[in-house]
Amino acid sequence: MDEKQRQLDLRYLRMAKIWAENSYCKRRQVGALVVKDQMIISDGYNGTPSGFENVCEENDVTLPYVLHAEANAITKLARSSNNSDGATLYVTDSPCIECSKLIIQAGIKRVVYSREYRLNDGIRLLQQAGINVEYINLDNYVSEQDK
Ligand SMILES: [Zn+2]
């Protein structure tokens, strides 16, 4: 991995983390960006479908119709003139198995994430599909502003 790509990866991951702040979910805030040819072509954070109340949990349990950040970013592309074929997905948290299926079918070729999840079946599926998966712990890098 060359240094320039590493710096880009860190910046996009930080942006995904900032984007996650849009989520009104309380238990976990997840952000995702789809980048192709060095352009952000889509974004997403976890939340309810369009037209539903902006509440993710009931009695501290996530509602079944909440969409994950990756699913929101990928389905947003279905309504745009862009497509994710060959793109990179930056996501704050390791993708679950349901999102991993979407990532594979969306033609995404690389996934960069920064927080491990207790289940890794999603990551395993991505790797089986030949997708380049990379884990970067953002806590190991101080941002340029902090130097
Ligand atoms: Zn998911």
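The shown structure was predicted, so the numbers you read here are calculated from the model rather than taken from an experiment.

Rules used throughout
Residues numbered from 1 in each chain as written. Predicted model: local features only at pLDDT ≥ 70, side-chain atom pairs only at ≥ 80, totals over all residues. Heavy atoms only, no water. Salt bridge = Lys/Arg side-chain N within 4 Å of Asp/Glu carboxyl O. Helix = DSSP H or I, 4+ residues; strand = E, 2+ residues; numbered from the N terminus. Donors = N, O, S within 2.8 Å, 3.2 Å for Na, K, Ca; no water. Buried < 20%, exposed > 50% of the residue type's maximum accessible area, 1.4 Å probe, protein only. Contact = heavy atoms within 4.5 Å. Polar contact = N/O pair within 3.5 Å; in protein donor to acceptor, adjacent residues only side chain to side chain. Phe/Tyr/Trp six-rings, centres within 6.5 Å; stacked < 30°, edge-to-face > 60°.

Peer 1: What is the right way to look at the pattern of salt bridges in this model?
Peer 2: Scanning the entire structure with this criterion turns up 7 salt bridges. Note that Arg110 is salt-bridged to Asp9, the shortest N-O span being 2.7 Å. Of the two residues, Arg110 is situated in strand E6 (residues 110-115) and Asp9 in helix H1 (residues 3-19); the sequence distance between them amounts to 101 residues. One connected set of salt bridges, linked through shared partners, spans Arg6, Asp9, Arg110 and Glu134.

Peer 1: Looking at this structure, I do not really get the coordination of the zinc ion. What am I missing?
Peer 2: Reference values for coordination geometry: four tetrahedral donors around a metal ideally subtend 109.5 degrees, six octahedral donors ideally subtend 90 or 180 degrees. Distances from the zinc ion to its protein donors, namely His68 (ND1), Cys96 (SG) and Cys99 (SG), fall within the range 2.0 to 2.3 Å. If you list the donors of the zinc ion from N- to C-terminus, the spacing comes out as H-x27-C-x2-C. Exposure remark for Cys96: the relative accessible area of 22% places this residue in the partly exposed category. The exposure class of Cys99 is buried, given its relative accessible area of 3%.

Peer 1: Got a minute to help me understand the environment of Glu57 in this structure?
Peer 2: By secondary structure assignment, the location of Glu57 is in strand E3 (residues 57-58). If we skip the residues at most four places from it in the chain, Glu57 touches Cys25, Lys26, Arg27, Thr62 and Leu63. In terms of polar contacts, Glu57 uses its side chain to reach the backbone amide nitrogen of Arg27, at 2.9 Å.

Peer 1: What's the story with the environment of Arg14 in this structure? I'm lost.
Peer 2: With respect to the element layout, Arg14 can be found in helix H1. The class of Arg14 is buried, set by a relative accessible area of 18%. Put simply, Arg14 and Leu138 are 124 residues apart on the chain and 7.7 Å apart in space, counted from C-alpha to C-alpha.

Peer 1: Would you explain unusual backbone geometry in this entry?
Peer 2: If you check the backbone angles, Asp37 has positive phi at about 50° while not being a glycine. Among the secondary structure elements, Asp37 is positioned in the loop between strand E1 (31-36) and strand E2 (39-45). The exposure class of Asp37 is exposed, given its relative accessible area of 66%. Of note, Asp60 is a non-glycine position whose phi angle comes to about 65°, a positive value. Within the element layout of this structure, Asp60 appears in the loop between E3 and strand E4 (61-62). Of the residues examined, Asp60 reaches a relative accessible area of 57% and is grouped as exposed.

Peer 1: Help me understand the packing of aromatic side chains in this model?
Peer 2: What describes a pair of aromatic rings is the distance from one ring centre to the other and the angle between the planes of the rings. Within this structure, the stated rule accounts for 4 aromatic pairs. Here Tyr12 and Tyr90 contribute two aromatic rings whose centre-to-centre distance is 5.0 Å and whose plane-to-plane angle is 40°, an arrangement assigned as tilted. You can see Tyr12 sitting in helix H1 and its partner Tyr90 sitting in strand E5 (residues 88-93), a full 78 residues away along the chain. For Tyr12, a relative accessible area of 11% corresponds to the buried category.

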